Amino acid sequence: MNYFLFSFLIAEALTYYGSRLNKYERAEVAQYPQVWYLGLDASKIDGELRGAQNCGYDDDNGSYIKVLHDHIAYRYEILEVIGKGSFGQVIRVLDHKTDSQISPASFSGSENLRASDQERQRWVL
């Protein structure tokens, strides 16, 4: 099963699926109160704890490397990259908590853009 019809607590997710998560994910997932999606069938990046370039998840330009069908925040499934703009990419994701599709923007390398757009309540990663 690649997605859940209900959320898991972290201990349950690690017990049942921990062997299918990489070392980085096993440590990271503890920061989340619930797990809705793990991206178990995705061709995952093998992230490195405290590694360079966002632990290996960013490219040389500081943009998040999108892996189809992997998770974002253990809730969203990356379905496709829709397009590229001046500040980053727009992707289509499935929110496994609400069972709805949204298209958040993924900005590269600018914390100021992320903070600004969060205040405006746009979907920004």
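Structure shown above.
Residues numbered from 1 in each chain as written. Predicted model: local features only at pLDDT ≥ 70, side-chain atom pairs only at ≥ 80, totals over all residues. Heavy atoms only, no water.

Chemist: Run through the overall build of the protein chain, naming residues and quoting values.
Modeler: Each helix and strand in the protein chain was counted, giving four helices and seven strands. Tracing the protein chain from N to C terminus, the helices and strands come up as β-α-α-β-α-β-β-β-β-β-α. Counting across all 125 residues of the protein chain, residues that qualify as buried make up 40%. Summed over its atoms, the accessible surface of the protein chain is roughly 7600 Å², and 49% of this surface lies on carbon and sulfur atoms. (Helix = DSSP H or I, 4+ residues; strand = E, 2+ residues; numbered from the N terminus. Buried < 20%, exposed > 50% of the residue type's maximum accessible area, 1.4 Å probe, protein only. Areas by Shrake-Rupley, 256 points an atom, 1.4 Å probe, with all protein chains shown as cover.)

Chemist: Could you give me a rundown of the pairing of strand β4 (residues 76–84), with the residues and numbers involved?
Modeler: Summarising the sheet, strand β3 (residues 71–72) and β4 pair through two bridges and their orientation is antiparallel. Bridging across to β4, His-71 finds its partner in Glu-77. Taken together, β3 and the strand that follows it, β4, pair antiparallel across an intervening segment of three residues, in which Ala-73 is found at a positive phi of about 55°. Relative to strand β5 (residues 88–95), β4 runs antiparallel, the two sharing seven bridges. Paired with Val-81 across the bridge in β5 is Ile-91. (Pairing = 2+ DSSP bridges.)

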